[in-house]
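Breakdown of the fold
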Amino acid sequence: MNKSMLAVLVSGLLAAGAVQAAAQDNTWYVGGKAGWSNYYGVDHNQYAESIAQTLGNTSENTDDLGLGLFAGYQLNPNLGFELGYDWLGKYDTTSGTGANTLKTEAKSQMIQATMKISFPATNVLDLYGRLGGAYAWTDSEISFANTSETGKKHGAAFVGALGAEYAIDRDWAARLEYQYTTPLGDASLDRSGIEMDNGLISFGMLYRFGQQGGEVAAPAPAPAAEPAPVAVVEPKTFSLSSDVLFEFNKATLKPAANQALDALFSQIVAANPKDGVATVIGYTDRIGSDNYNLALSEKRAQSVASYLVSKGLYADKVRVEGRGKANPVTGNSCASRSKQELIACLAPDRRVEIHLEGVSQPVQ
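Let me sum up the structure you'll find in this document.

About the cut-offs
- Residues numbered from 1 in each chain as written.
- Predicted model: local features only at pLDDT ≥ 70, side-chain atom pairs only at ≥ 80, totals over all residues.
- Heavy atoms only, no water.
- Disulfide = S-S within 2.5 Å.
- Helix = DSSP H or I, 4+ residues; strand = E, 2+ residues; numbered from the N terminus.
- Phe/Tyr/Trp six-rings, centres within 6.5 Å; stacked < 30°, edge-to-face > 60°.
- Lys NZ or Arg CZ within 6 Å of the ring centre and 35° of its normal.
- Buried < 20%, exposed > 50% of the residue type's maximum accessible area, 1.4 Å probe, protein only.

Using the criterion set out here, one finds one disulfide in the structure. A disulfide bridge connects Cys-334 with Cys-345, and the sulfur atoms are separated by 1.9 Å. Linking Cys-334 and Cys-345, the disulfide has an S-S dihedral of approximately -75° and is accordingly described as left-handed. Pair noted here: Cys-334 is in the loop between strand E13 (318–322) and helix H6 (339–345) and Cys-345 is in helix H6, with a separation of eleven residues, a long-range link.

Shown next as structure tokens:
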């Protein structure tokens, strides 16, 4: 069998299902959002309040379109930082009719900086919270009869948000978020004359930079192979040390990992698979919680699978699994040691295995 035919058959083993919800460690992302901005808890200065009560017939508009842009830095799967700009829209009221009409209006916008804490819900879905502060601008106008007063309040505000982020593919993700901001403006007459809170429900899209691995163009269909001799089932297992591929407690491939993964790719090609399934399984040592180790082992397995896809393999028959601290190689041999000695002793447990099961045929 020639090499081009062999590459096509091997490439059918690995899948593009290794998308992860959170951006990879130490990478940047940018995005935009739009949604429903709602003002509530509104307080007017006493002058405007007394006139409105006298005139009666007050109508209030608390809703507007909210827009935003943001940029973020993903430090690790659970922690990131964001800087953003938000236009929160306009709030207005009208009291009375005719010449004796009182109108109040306020518009708010802000620049915010927050810390983003993420929790993986599934392989492609993260739940997160953001907490931080903002510098907000609130400009207002209060008009009555033939007089009009403008005001403004620029100052600090609190920002908190809860949301969900869904990984569409390696580079793109969507998020749904509720954001709360307080206070905006100031009820004092010598400032904006209006103080309020804001809730923004938004849908956003973001693009991630520097994500490793990814889709490749499908090779041209290969010519049909001639009937082969008797086929046999030849399952194979390959194992790589996680310390060779990753920094401790990380899931991003080290530059030095390329050589080891290239050698692994050559071994898979040499196995000569025709049909079957490749299962990439990540393991960690016993240090840390079960949930954390399970997520870390899965993301390490995903990184390995993505790299092999980027070498030119098809992506339709791969399975990616994370088994955390299960099946330790060292057993109970590393007890009663310092943390650094324990980390070194448990190195054999930190590994990525590739189980290749399928039909193999003799080389022609």
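As enumerated under the stated definition, the model contains six aromatic pairs in all. Connected via pairs of aromatic rings, a cluster forms that spans Trp-172, Tyr-207 and Phe-209. For the cation-ring pair, Lys-116 lies above Tyr-128, with the distance from its terminal atom to the ring centre recorded as 4.9 Å.

A separate point is unusual backbone geometry. Excluding glycine, residues mostly have negative phi values, and the peptide bonds linking residues are mostly trans. The omega angle of the peptide bond from Thr-182 to Pro-183 is -15°, so this bond is cis rather than trans. As for its placement among the helices and strands, Pro-183 is situated in strand E8 (residues 172–186). Phi angles above zero are rare outside glycine, and Asn-26 is one such case at about 55°. Taking relative accessible area as the criterion, Asn-26 reaches 42% and is therefore assigned partly exposed. Unlike most non-glycine residues, Asn-249 shows phi in positive territory, near 70°. By the element assignment, Asn-249 lies in the loop between helix H3 (242–245) and helix H4 (257–271).

Coordinates in, geometry out; function isn't part of it.
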